[in-house]
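# Notes for the structure review
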Amino acid sequence: MTYQIPETVRAGRSRVFVHVLDSGERVVVKQDNEPRGRILHLLQRVAYRLTGAPLLAPTVLAPDVSRATFEAGVLRRYGALGLPVPKVLYEDPSYLVLSHEGEPLESFLRDNPRSARSQDLIAEALAALRALHEKGHAHGGAQIRNFLVRQDGRIVLIDFEENTGSAPLEHMKLRDLLQFLISLSKRDSQLDPVAVCSIYDASGRSAERLGSILARYRILKIVNRKPFLRFRMKDVRALVTLIEKLA
Ligand SMILES: Nc1ncnc2c1ncn2[C@@H]1O[C@H](COP(=O)(O)OP(=O)(O)O)[C@@H](O)[C@H]1O
Ligand SMILES: [Mg+2]
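Here is what the cut-offs are and how they apply
- Residues numbered from 1 in each chain as written.
- Chains lettered and ligands numbered in written order.
- Predicted model: local features only at pLDDT ≥ 70, side-chain atom pairs only at ≥ 80, totals over all residues.
- Pairing = 2+ DSSP bridges.
- Helix = DSSP H or I, 4+ residues; strand = E, 2+ residues; numbered from the N terminus.
- Contact = placed C-beta atoms within 7 Å.
- Axes fitted to C-alpha atoms, helices over the stretch in contact; angles between N-to-C directions.
- Core = buried A, V, L, I, M, F, W, Y, C linked by C-beta atoms within 7 Å.
- Buried ≥ 20, exposed ≤ 12 C-beta atoms within 10 Å, placed from the backbone.

### Quick word on the sheet that holds strand β5 (residues 103-104)
Spatially, three strands are ordered β5-β6-β7 in an open sheet, and the strand pairing comes out antiparallel. A single partner strand is all that each edge strand has here, and the edge strands are β5 and β7 (155-157). Alignment of β5 against strand β6 (residues 147-149), held across two bridges, turns out to be antiparallel. Counterpart to Glu103 in the pairing with β6 is Val149. Sitting on the sheet, helix α5 (residues 116-134) is in contact with β6 and β7, with an inclination near 40 degrees to β7.

Okay, here's the thing in structure tokens:
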């Protein structure tokens, strides 16, 4: 496909842009324009070296790597494996143009996370994550905002800009599952993480392994006490809830 990045997109600052082509087809233009927070990532790397904790596994790309080129490569490989990912329509070092695949699962779950339809979509999303894992890959950013619901109800995985090769694959898979659970529990405070894990893995092993990893973070429960209660820390609180339910 020959594709001209529209001037409005080049001039604009937004990172992701939905472009409606003359044919009526919608495409997504992703721009590689964000500086990467070096210091935080350096700290994360050091902490991972010291602790070996899967949650801390660094996944940020090296500064000299084009994220667009990296993601295009990943999407092509995964597409060739038959995994549900968008098609790469155009790429250069600054832009990536993808087939528009649907709306984020997160938006579907926002209003009614416990409806039967939502439960079906969550199960579909876990099946897609599982398929990726079974092909020997991890996502690196498996929050529910990175799962799209297509018009036909199928799930499509997006946002592959993380370097998942920096830690053992088994760590990365558990990290994916945990990211999924954290993002889901922010939508549904009544979430039963053991039940969700058993959709991913009927043997119950993943819930068990996550539980034993999370047990090491019990100290985080202090965020639910004074004086920490006045800080928002949504992700940390979601993590604490999971620790309480899984560890
Ligand atoms: N192929 C796609 N089809 C439809 N929407 C998409 C697609 N890719 C990205 N989006 C939308 O853009 C948002 C951000 O894209 P994403 O690839 O997740 O980049 P970021 O690194 O900024 O999170 C997604 O949450 C989704 O709403
Ligand atoms: Mg994203």
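### Considerations on the nonpolar core
Within the largest apolar cluster, 49 residues are counted, with the highest numbers of intra-cluster contacts made by Leu105, Ala125, Leu129, Phe147, Leu177, Leu181 and Leu210. Setting aside anything within four residues of it in sequence, one finds Phe147 in contact with Pro104, Leu105, Ala125, Ala128, Ile155 and Leu157.

### Concerning the environment of Pro84
Mapped onto the secondary structure, Pro84 falls in the loop between α3 (67-80) and β3 (88-91). Separated by 155 residues in the primary sequence, Pro84 and Leu239 have C-alpha atoms spaced 28 Å apart. Apart from the residues lying within four places of it in its own chain, the contact partners of Pro84 are Ala128, Arg154, Ile155, Val156 and Leu157.

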